[in-house]
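Residues per chain, in single letters:
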Amino acid sequence: MKHTRIFSDRAKRCAALLLCLCMALSLPACGENRKVSREIYAMDTVMTLTAYGDNAEAGLDAAESVIMAMDAMLDPELPTSTVYAINHANGSSVVVSAQIAKMLTTAKTVYDQSGGALDLSIYPLVKRWGFIDQKYYKPTEAEIAEDLSRLCFDKMTLTSFPASGSYSLTIPEYGQFTFGAAAKGCAAENAIDAMRQAGVKSGIISLGGNVQTLGLKPDGSLWKVAIQDPDDPDGYVGVISVGETAVVTSGPYQRNFVIKGVTYHHILNPATGHPSGSSLRSVTIICEDGTMADCLSTAMFVLGETKALNYWRQYGGFEMILVTSDDRIVCTRGLLEEFSLSSSASQYRVMYVE
């Protein structure tokens, strides 16, 4: 299993590089507002939090508290977590937080609109392939069929209790959920909100491929966010200039393993139970709603280039960058002035679509 460990370490190294690139490209000039940065480890990834101004420390404390609380709440293998309770409720209702309700409703919207390309009830399959405990394994077709029979995202019931601000979730007794396709986006969104409430007006956080910004840079200019090169852990294909928004990238290079010379990645197609056979190498979503951006990045990767662009044309509300297997970078029209190709990525051909 040496190869699997090597790929896991490489994924962490890639994530760390991307964080550094994002931060380096978003630093203000010397002498401007005081900057405070902090690095933490949560949700199985390295995270970098940066805030500016007099309230920076308080903002980072608040953001870190939110992230750690959500990490403990969403770990499906932690017996004290809410997700563990959901997955072991045997059909009974479980009280869930507003954050979990937000992820469920957002993911359900994407599920309905994408024809099931995103499905939070895919946990049995994710675990079967070894992406939970890193005990990587290629399931048999019978095992995949068994796990596919447990998909039940369309059968969940979410009830709101406005007086208490809580929610009740009920899923079939055979179902199990994972929030891996929404957790970092929701955590980033809530962490930025916590920084804002603490009085921070300018900041940026990067949660392993999920970048979210607060306001503009202290000098009033746009943030610069690097887009990882799927083929080069030490490079990036380009940079986008953004204001206050979320930038979320998904790709098979982030988590994968090799068995008998074949590479298997973590973005599973709920229709087949296998890693998505999409011709895309990465998908980046730019959207004000961090939870939605996270959900969309996974769903669009599963859909593939043509269906992803059709989804964008039909529903809108976000911009998108697709890196394809034939060295094209396909950008939606709203990024015409915002995306810049890296000088080290000259093999890529940039296209803008309507």
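None of these values were measured; they are calculated from a predicted model.

Participant: Can you explain the overall build of the chain? Please cite residues and give values.
Facilitator: Scanning the chain for helices and strands turns up 9 helices and 17 strands. Taken over the C-alpha trace, the chain has a radius of gyration of 20 Å; the compact-globule value for 354 residues is 20 Å, and the two agree within 12%. Overall, the chain is about 60 × 50 × 45 Å in size when its C-alpha atoms are taken along their principal axes. Every one of the 354 residues in the chain was classed for burial, and the buried ones make up 55%.

Participant: Go over the nonpolar core, please, and point to the residues and values.
Facilitator: The biggest cluster of nonpolar side chains holds 75 residues, and the ones touching the most others in it are Met 70, Leu 74, Leu 104, Phe 179, Ile 285, Met 300 and Met 320. Looking at this core element by element, the count peaks at 9 residues for helix α8 (residues 290-303). If we ignore the near neighbours within four places in the chain, the residues touching Phe 179 are Leu 74, Val 83, Ile 100, Met 103, Leu 104 and Leu 120. Among the nonpolar cores identified, the runner-up in size contains 19 residues, and Val 211, Ile 321, Cys 331 and Leu 335 belong to it.

Participant: Lay out unusual backbone geometry with the relevant residues and their values.
Facilitator: A positive phi angle, close to 50°, is found at Met 43, a residue other than glycine. One can find Met 43 in the loop between β1 (35-42) and β2 (45-52). The phi torsion at Gln 134 lies on the positive side, around 65°, for a residue other than glycine. Summarising the element assignment, Gln 134 is placed in the loop between α5 (123-128) and α6 (141-148). A relative accessible area of 34% means that Gln 134 is categorised as partly exposed.

Participant: Account for the layout of surface pockets, naming residues and giving values.
Facilitator: Here the second largest pocket is characterised by a volume of approximately 180 Å³. Lining the second largest pocket are Lys 102, Cys 186, Glu 189, Asn 190, Ile 192, Asp 193, Arg 196, Gln 212, Thr 213, Glu 244, Thr 245 and Glu 288. At 6 residues, helix α7 (residues 183-197) tops the list of elements feeding residues into the lining of the second largest pocket. In terms of residue class, the lining of the second largest pocket is made up of 2 nonpolar, 4 polar and 6 charged.

Participant: I'd love a proper account of the environment of Thr 82, names of residues and values included.
Facilitator: Structurally, Thr 82 can be placed in helix α3 (residues 82-87). For the pair formed by Thr 82 and Val 94, sequence separation is 12 residues and the distance between their alpha carbons is 8.2 Å. Setting aside its immediate chain neighbours within four residues, Thr 82 contacts Met 73, Val 95, Val 96 and Ile 100.

Participant: I'd love a proper account of the sheet that holds strand β8 (residues 223-229), names of residues and values included.
Facilitator: With antiparallel pairing, 3 strands are arranged side by side in an open sheet as β8-β9-β16. Whereas interior strands pair on both sides, the edge strands pair on one side only; in this sheet they are β8 and β16 (339-341). The mean angle between the axes of side-by-side strands here comes to 35°, regardless of whether they run parallel or antiparallel. The sheet contact formed by strand β9 (residues 232-242) and β16 spans 3 bridges and is antiparallel. Along β16, the bridge assignment pairs Ile 240 with Phe 339.

Participant: Break down the pairing of strand β5 (residues 166-170) for me, with residues and values.
Facilitator: Sheet topology places strand β3 (residues 94-96) next to β5; 3 bridges connect them, and they run antiparallel. Residue Val 96 lies in a different strand from β5, and its bridge partner there is Tyr 167. When strand β4 (residues 157-161) meets β5, the two strands line up antiparallel, connected through 5 bridges. Pairing of Thr 157 across the sheet is with Thr 170, part of β5. Following β4, the chain reverses through 4 residues before pairing antiparallel with β5; Gly 165 in that reversal takes a positive phi of roughly 75°.

Participant: Requested: an account of the sheet that holds β4, with residues and values cited.
Facilitator: Spatially, β3-β5-β4 is the arrangement adopted by the 3 strands of the open sheet, whose pairing is antiparallel. In this open sheet, the two edge strands, each paired with only one partner strand, are β3 and β4. On average, adjacent strands in this sheet sit at an angle of 30° to one another, irrespective of strand direction.

Participant: Tell me what's going on with the pattern of salt bridges, and back it up with residues and numbers.
Facilitator: Evaluation of the coordinates by the stated rule reveals 18 salt bridges. For Lys 102, the salt bridge identified is with Asp 289, shortest N-O distance 3.4 Å. With Lys 102 in helix α4 (residues 98-114) and Asp 289 in the loop between β13 (280-287) and α8, this residue pair connects regions lying 187 residues apart in the sequence. Overall, the relative accessible area of 24% leaves Lys 102 in the partly exposed class. Among the ionic contacts, a cluster of salt bridges with common partners joins Arg 38, Glu 57, Asp 61 and Glu 64.

What counts and how
Residues numbered from 1 in each chain as written. Predicted model: local features only at pLDDT ≥ 70, side-chain atom pairs only at ≥ 80, totals over all residues. Heavy atoms only, no water. Helix = DSSP H or I, 4+ residues; strand = E, 2+ residues; numbered from the N terminus. Rg over C-alpha atoms; globule rule 2.2 N^0.38 Å. Buried < 20%, exposed > 50% of the residue type's maximum accessible area, 1.4 Å probe, protein only. Core = buried A, V, L, I, M, F, W, Y, C linked by side-chain atoms within 4.5 Å. Contact = heavy atoms within 4.5 Å. 1 Å grid on protein atoms, 1.4 Å probe; cavity = no way out; pocket = protein on both sides within 12 Å on 5 of 7 lines; lining within 4 Å. Points joined across faces, edges and corners; volume = space filled by probe spheres on them. Nonpolar A, V, L, I, M, F, W, Y, C, P; charged D, E, K, R; others polar. Pairing = 2+ DSSP bridges. Axes fitted to C-alpha atoms, helices over the stretch in contact; angles between N-to-C directions. Salt bridge = Lys/Arg side-chain N within 4 Å of Asp/Glu carboxyl O.

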